[in-house]
Amino acid sequence: MTRPELELSVERHIAAPPARVWQIITDRITEWWCPKPWTTTIGKLEWRQGGAFHLVMRGPAGEADCQGEDDLGGVLLEYEPGRRFIFTDALSEGWHPRDPFLVGSFEIEPDGDGTRYRASARHWTAEAVEQHRKMGFEQGWGAVADQLAALAEAPERALADA
């Protein structure tokens, strides 16, 4: 059961079909995963349940994200192609326990002539929720949702040119 007080989330309607949104979510994750001008590179990413989920975020001056580059790894707990993926940083590849911060969930579903996108971060403690808020959750994850929407809503030619 979810404890709403330990969850932060963003939601958007994206004016593109779910298949297109999902393709961008998975195939172009480095283009939307963190707010620009930050960048994302893939350390290791295996799109399957139990697969490695290690994305490296860097600031404009090359700085690591606020948790540090070594703390960005995790595993995919659930992977449903075309619908959602859920990851955690509480475990590393090979199911090794780590200090947990969140369980991240990214879901899409048909919504009229487009797609409903929802991203949430579930935390273990109220302190972690507050820490994530202070890190700029609303602004950062909101910017990420907007970046994803912009990519998905771009004309086909723009996708081919990217």
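Residues numbered from 1 in each chain as written. Predicted model: local features only at pLDDT ≥ 70, side-chain atom pairs only at ≥ 80, totals over all residues. Heavy atoms only, no water.

Asker: I would appreciate a short explanation of helix H4 (residues 137–153) in the present structure.
Answerer: An α-helical turn contains 3.6 residues, so a residue and the one three or four places further along point in the same direction. Its 17 residues give H4 an end-to-end C-alpha distance of 24 Å, which sits within 8% of 24 Å, the value for a rise of 1.5 Å per residue. Of the positions making up H4, those classed as buried are Phe137, Gly140, Trp141, Gly142, Val144, Ala145, Gln147, Leu148, Ala149, Leu151 and Ala152. (Helix = DSSP H or I, 4+ residues; strand = E, 2+ residues; numbered from the N terminus. Expected span 1.5 Å × (residues − 1). Buried < 20%, exposed > 50% of the residue type's maximum accessible area, 1.4 Å probe, protein only.)

Asker: Is there a simple way to think about the packing of aromatic side chains in this case?
Answerer: Aromatic ring pairs: the centre-centre distance and the angle between the two ring planes describe each pair. Counted according to the given criterion, the structure contains 15 aromatic pairs. Ring plane angle 40° and centroid distance 5.9 Å describe the contact between tryptophan 22 and tyrosine 79, whose orientation is recorded as tilted. Taken together, the residues span a long stretch of sequence, with tryptophan 22 in helix H1 (residues 18–27) and tyrosine 79 in strand S4 (residues 75–80) at a distance of 57 residues. Note on tryptophan 22: relative accessible area 9%, which makes it buried. Ring plane angle 65° and centroid distance 5.5 Å describe the contact between tryptophan 32 and tryptophan 33, whose orientation is recorded as edge-to-face. The pair formed by tryptophan 32 and tryptophan 33 is uniform in burial state, with each residue classed as buried. (Phe/Tyr/Trp six-rings, centres within 6.5 Å; stacked < 30°, edge-to-face > 60°.)

Asker: What is the right way to look at the sheet that holds strand S1 (residues 7–14) in this model?
Answerer: Across the sheet, five strands lie side by side as S1-S9-S8-S5-S4; this open sheet has antiparallel pairing. A strand with exactly one partner marks an edge of an open sheet, and here the two such strands are S1 and S4. The average undirected angle you get between the axes of adjacent strands in this sheet is 10°. Of the pairings in the sheet, the one linking S4 to strand S5 (residues 84–88) comprises five bridges and is antiparallel in character. Across the sheet, glutamate 80 pairs through a bridge with arginine 84, a residue of S5. In this fold H1 packs onto S1, S4, S5, strand S8 (103–111) and strand S9 (114–122), with an angle of close to 155° to the strand it touches most, S8. (Pairing = 2+ DSSP bridges. Axes fitted to C-alpha atoms, helices over the stretch in contact; angles between N-to-C directions. Contact = heavy atoms within 4.5 Å.)

Asker: Mind showing me how you'd approach unusual backbone geometry here?
Answerer: For residues besides glycine, phi is generally negative; the peptide bonds are generally trans as well. Residue proline 37 is bonded to the preceding lysine 36 through a cis peptide linkage, with omega at 20°. Positive phi values are uncommon outside glycine, yet tryptophan 95 reaches one of about 65°. Checked against the element boundaries, tryptophan 95 lands in the loop between strand S6 (91–92) and strand S7 (96–97). Residue tryptophan 95 is classed as partly exposed on the basis of its relative accessible area of 49%.

Asker: Please explain the confidence of the model for the protein as it appears in this structure.
Answerer: Detail in the predicted coordinates should be disregarded across regions flagged by low pLDDT. Scored by pLDDT, the protein has a mean of 90; 90% of the residues are at 70 or more. Looking at the elements of the protein, mean pLDDT is at its lowest for helix H5 (residues 156–161), recorded as 58, and at its highest for H1, recorded as 98. (pLDDT = per-residue confidence, 0-100.)

Asker: Would you mind showing me how to read the side chain of threonine 115 here?
Answerer: Note that threonine 115 resides in strand S9. A polar contact of 2.6 Å, which involves the side chain of threonine 115, links it to the backbone oxygen of alanine 16. Leaving out residues up to four positions away in the same chain, threonine 115 has contacts with Arg12, His13, Ile14, Ala16, Pro17, Pro18, Val21, Ile108 and Glu109. (Polar contact = N/O pair within 3.5 Å; in protein donor to acceptor, adjacent residues only side chain to side chain.)

Asker: Explanation requested: the packing of H1 against H4 in the structure shown.
Answerer: For any two helices packed against each other, one specifies the crossing angle of their axes together with the interaxial distance. Where H1 contacts H4, the two axes come as close as 9 Å, and the packing angle between them is 120°. Viewed along their axes, H1 and H4 adopt a mutual orientation that is oblique. Handedness of the crossing formed by H1 with H4: right-handed. When H1 is examined against H4, the residues Arg20, Val21, Ile24 and Ile25 are found in contact with a partner set consisting of Leu148, Leu151 and Ala152. Of the residues belonging to the contact of H1 with H4, the class tally is six nonpolar, no polar and one charged. (Parallel < 35°, antiparallel > 145°, perpendicular 65-115°, else oblique. Left-handed = near helix turned anticlockwise from the far one by under 90°. Nonpolar A, V, L, I, M, F, W, Y, C, P; charged D, E, K, R; others polar.)

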